[in-house]
Each structure stands twice: as C-alpha cells, then as structure tokens.
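Descriptive structure summary
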Amino acid sequence: MDKELEGQVALVTGGSRGIGLGISRSLAEAGARVAVIGRNADRAREAAASLPGTGHEGFACDVSDPEAAKALVSDVEASIGAVNILVNNAGITRDNILLRLKDEHWNEVLATNLSGAFHMIRAVTRGMMKRREGVIVNVSSVVGLIGNAGQANYAASKAGLHGLTKSVAKELASRNVRCNAVAPGFITTDMTAELNEQQVADLQSQIPLGRFGAPPDVAHVVRFLAGPGAGYITGQILAVDGGMVM
Ligand code: NAP
C-alpha cells in the first residue's frame, strides 16, 4: 500500500491498547507520525515505541479533563508537529441495568466517551481551521445506533458522538476539515474480554459474518477515512460490524 499519510501527524486517544493500538499501527504504516495517548504513561510510551517508522511518541492524558486535553495538544504540537489527524478512540464502559446505574458511572462514561471527544476536537480546531485542512475520526459503537439493555450510559455517550460528528462536520466543512465516525460492532479487545463463552456464542449468532472483529478491521477503515481517498466524505457514521446493523 502507498504511504498516503507521509508527513502527517496523527493523535490517537486510547491508542495504547486494543482498537486504538491497531489504529495507531495502521496510521504509522501509512507514514504518519503518531502521538499515542492513554491514561497510563508507560503503556502509551511502550505502544508508541512498538509502531513501525519513526517520530512516534506516547503521552499520558485523561481526556475527560478539559485543561489536560488542551495542554496535551500543545505538548504534541511542540514535540511532533501540528496535528493533521485526530482520532477520538478513548472509551470506557460501566455497565448496569437502569435501576442500578449509579450517577457516578453515568457521569464517568459521558465524561470520557463524549466530553473527552469534545475537549480534544475543541483543542485541535483552531489549528486545523487556520491551516484549512484536518481530519477527525470518532470511534463510536453500533450501540449508539441501536441502543443496548444494560448500557444506557454507554449508548447515550456513543449516540451523542454521532450528533457531535455531524455538527462538527457541518461547522468545519468550509475550512476543509472533515469529521466522520466509525461504529464498531463486537471487536476482540480487553473491553470484550469479560464476556463468557455462552455470551460470545449468542452474540456471534447475531452477526451475519459469524465472528467478532479484530482491531485491524476497524483500523483499516480509520486509515481510509483519514486519507485522501476519503476526501469527499464527511459527517458519516460507518458501521464496522460484520453486518450486525443494516
Ligand atoms: P480498551 O481495550 O479498553 O482500551 C481503551 C483505551 O482507552 C486504552 O488505551 C485506555 O488507555 C484509553 N482510555 C480510557 N479512558 C481514557 C481516558 N479518560 N483518557 C485517555 N485514554 C483513556 O477498549 P477498546 O475495546 O479498544 O475500545 C476502543 C474504543 O472502541 C472505545 O471508544 C470503545 O467504546 C469502542 N468500541 C469498542 C468495541 C469492542 O467491541 N471492543 C465495540 C464498539 C466500540 P489507558 O488504559 O492507558 O487509560
């Protein structure tokens, strides 16, 4: 494949594990220098060091903290360069049925999954608008499209990301900044590791392709959306789910 992102700087939140690490690797393979973000500094640095090519760096940041998100973008720009591609992938679950869902768990999930993306987008927007180019990809979930019993907080955060994606796409299109979302189905990572064999079998029976996805399945789509081949695509929510939602 071409190194279509040569010379670009990509910032990937939650890039230290799972889908985010797959995205970081894909963007590095495409030639980008990648800022890998996680709450844990050592894990983010190790992940950055494992990527192909040079110029990658790991940073610790809790994206739910607006000031930390702002400072992070300044740090990344000072050490790697202006951010051309932002991937909002950091996400958490705190599942429970409605009657047992604690305020704390509602707020935590919204703060990371939705407000975190907003904080990061706001922090990169001025630079992208000035340069009249930029790409934002939000990692949501099919649960944001169809809802899920026991995941009201998570589903609300991901549906919120869809509204954010389309609003940002409309607001920044005239400055040549594109914003899209990928909505993964079930992907094998630490997040889905808690499911037991029976749950996995039940879920697989609802997936037309008959299997869970792997991080590269999502990462390749993010690479496409970040690159010039997707130059005329903005404001879209693209499901990467083995056909679960159609
Ligand atoms: P994961 O394996 O649990 O990894 C989560 C990543 O997010 C880690 O790198 C973690 O870094 C980082 N993170 C969490 N909270 C953060 C915060 N406040 N600030 C900065 N970084 C934070 O998750 P995953 O399965 O790869 O999921 C990645 C994204 O895909 C999430 O948005 C998730 O909702 C979405 N998704 C996943 C699936 C699935 O089946 N796995 C399906 C649909 C959507 P540290 O550990 O260092 O904090």
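Located above this text is the structure these notes cover.
Residues numbered from 1 in each chain as written. Predicted model: local features only at pLDDT ≥ 70, side-chain atom pairs only at ≥ 80, totals over all residues. Heavy atoms only, no water.

A look at the sheet that holds strand β5 (residues 134-139)
Where strands meet in a sheet, backbone hydrogen bonds hold them as pairs that are either parallel or antiparallel. In space, the seven strands of this open sheet follow the order β3-β2-β1-β4-β5-β6-β7, with parallel pairing throughout. Every other strand in the sheet has two partners, leaving β3 (57-60) and β7 (237-240) as the edge strands with one partner each. Direction aside, the axes of adjacent strands within the sheet are offset by 20° on average. Bridge analysis of strand β1 (residues 9-13) against strand β2 (residues 33-38) gives five bridges, and the strand direction is parallel. Counted as the bridge partner of valine 9 is arginine 33 from β2. In the packing of helix α8 (residues 215-226) onto the sheet, the strands contacted are β4 (85-88), β5, β6 (177-184) and β7, and the crossing angle to β6 comes to about 165°. (Pairing = 2+ DSSP bridges. Helix = DSSP H or I, 4+ residues; strand = E, 2+ residues; numbered from the N terminus. Axes fitted to C-alpha atoms, helices over the stretch in contact; angles between N-to-C directions. Contact = heavy atoms within 4.5 Å.)

Some words on the packing of helix α3 (residues 66-79) against helix α4 (residues 103-131)
The N-to-C vectors of α3 and α4 enclose an angle of 40°; their axes lie 9 Å apart at closest approach. Considering their axes alone, α3 and α4 lie oblique with respect to each other. Read as a crossing pair, α3 and α4 show a hand that is right-handed. For the pair formed by α3 and α4, the contact residues are Pro66, Ala69, Lys70, Leu72 and Val73 on the first element and His119, Met120, Arg122, Ala123 and Val124 on the second. Here the contact of α3 with α4 is composed, by residue class, of seven nonpolar, one polar and two charged. (Parallel < 35°, antiparallel > 145°, perpendicular 65-115°, else oblique. Left-handed = near helix turned anticlockwise from the far one by under 90°. Nonpolar A, V, L, I, M, F, W, Y, C, P; charged D, E, K, R; others polar.)

Shape descriptors only; they carry no functional weight alone.
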